[in-house]
Amino acid sequence: MDLEGLLITLIIGAVAGWLAGLLMKGSGFGLVANIVIGIVGAFVGGYVLGMLGVSLGGGIIAAIINATIGAVILLFVIGVIKKATK
């Protein structure tokens, strides 16, 4: 991956993590953690949407939507695990 691809990935991850934090009512964890959640969310979203047979197409907007869906799922699972351990 070249520098441009890395920067795009980080930006998409940051936006997706931030959006997921907003959608999950303050479940964000800060900039660096939101980037990580967004990037991991992209993999989760790609897997889940692929299993459902849903294709969002290509482009940055589709990548942000895909990563946001995955990040919301990831934040939901993290929230359930945190509640279960209390």
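Residues numbered from 1 in each chain as written. Predicted model: local features only at pLDDT ≥ 70, side-chain atom pairs only at ≥ 80, totals over all residues. Heavy atoms only, no water.

Helix and strand counts for the protein come out as three helices and zero strands. Each helix and strand of the protein, ordered N terminal to C terminal, gives the series α-α-α. Here the protein has a C-alpha radius of gyration of 13 Å; the compact-globule value for 86 residues is 12 Å, and the two agree. Seen through its principal axes, the protein has C-alpha atoms that stretch 40 × 30 × 20 Å. A separation threshold of at least 6 residues defines the contact pool for the protein, and within that pool the share at least 24 residues apart is 70%. When the accessible surface of the protein is split by element, carbon and sulfur atoms take 76% of a total near 5,600 Å². (Helix = DSSP H or I, 4+ residues; strand = E, 2+ residues; numbered from the N terminus. Rg over C-alpha atoms; globule rule 2.2 N^0.38 Å. Contact = heavy atoms within 4.5 Å. Areas by Shrake-Rupley, 256 points an atom, 1.4 Å probe, with all protein chains shown as cover.)

As for its placement among the helices and strands, Gly17 is situated in helix α1 (residues 3-23). Through-space distance from the C-alpha of Gly17 to that of Tyr47 is 17 Å; in sequence the pair is 30 residues apart. Residues in contact with Gly17, not counting those within four places in the same chain, are Asn34 and Gly38.

Attention now moves to the environment of Ala67. With respect to the helices and strands, the residue Ala67 is situated in helix α3 (residues 60-84). Setting aside chain neighbours within four positions, we find Ala67 in contact with Ile12, Ala16, Gly38, Gly41 and Ala42.

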